[in-house]
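# Structure assessment
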Amino acid sequence: MSGIMNLVQLVAVVPAFLVLDRVGRKPPLLFGSIGMTASHFIVGAMIARYSYNWDENQVQAWVGVAFILAFMAFFGIG
């Protein structure tokens, strides 16, 4: 999972480098920070609500994983 997270971040960093000169540093930073905040809240909600039994809540567990990966993508963008 660590390798997948790093690949997601790498894929997000490449376009950020390509547009950074055109748009400046502030818009990607704001976009990334909003995305990271939303991802944190969603993962926190999944853990708070469903962590007692992940076996019965497989969909919610995968939603949490997806938003951890989304966090890494937003981190790479920002």
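For the structure given in this document, a descriptive report is provided here.

Scoring rules and cut-offs
- Residues numbered from 1 in each chain as written.
- Predicted model: local features only at pLDDT ≥ 70, side-chain atom pairs only at ≥ 80, totals over all residues.
- Heavy atoms only, no water.
- Helix = DSSP H or I, 4+ residues; strand = E, 2+ residues; numbered from the N terminus.
- Rg over C-alpha atoms; globule rule 2.2 N^0.38 Å.
- Buried < 20%, exposed > 50% of the residue type's maximum accessible area, 1.4 Å probe, protein only.
- Contact = heavy atoms within 4.5 Å.
- Areas by Shrake-Rupley, 256 points an atom, 1.4 Å probe, with all protein chains shown as cover.
- Patch = residues over 30% accessible without salt bridge, like charges linked within 9 Å, V, L, I, M, F, W, Y side chains within 5 Å.
- Salt bridge = Lys/Arg side-chain N within 4 Å of Asp/Glu carboxyl O.

Let us look at the overall build of the protein. Broken down by element type, the protein carries three helices and zero strands. Secondary structure elements in the protein, listed N-terminal to C-terminal, are α-α-α. Scaling as 2.2 N^0.38, a compact globule of 78 residues should have a C-alpha radius of gyration of about 12 Å, whereas the protein reaches 14 Å, well beyond that. Principal-axis analysis of the C-alpha atoms gives the protein an extent of 45 × 25 × 15 Å. When the 78 residues of the protein are sorted by exposure, 23% land in the buried category. Sequence-distant contacts, at least 24 apart, represent 76% of the contacts inside the protein between residues at least 6 apart. Split by element, the accessible area of the protein, about 5600 Å² in all, is 72% carbon and sulfur.

Within the secondary structure layout, Ser39 lies in helix 2 (residues 26–50). Setting aside its immediate chain neighbours within four residues, Ser39 contacts Phe67, Ala70, Phe71 and Phe74.

The grouping of Leu7, Leu10, Val14, Leu18, Val19 and Val23 at the surface amounts to a nonpolar patch, some 540 Å² of accessible area in total. Along the chain, the position of Val19 falls in helix 1 (residues 2–23).

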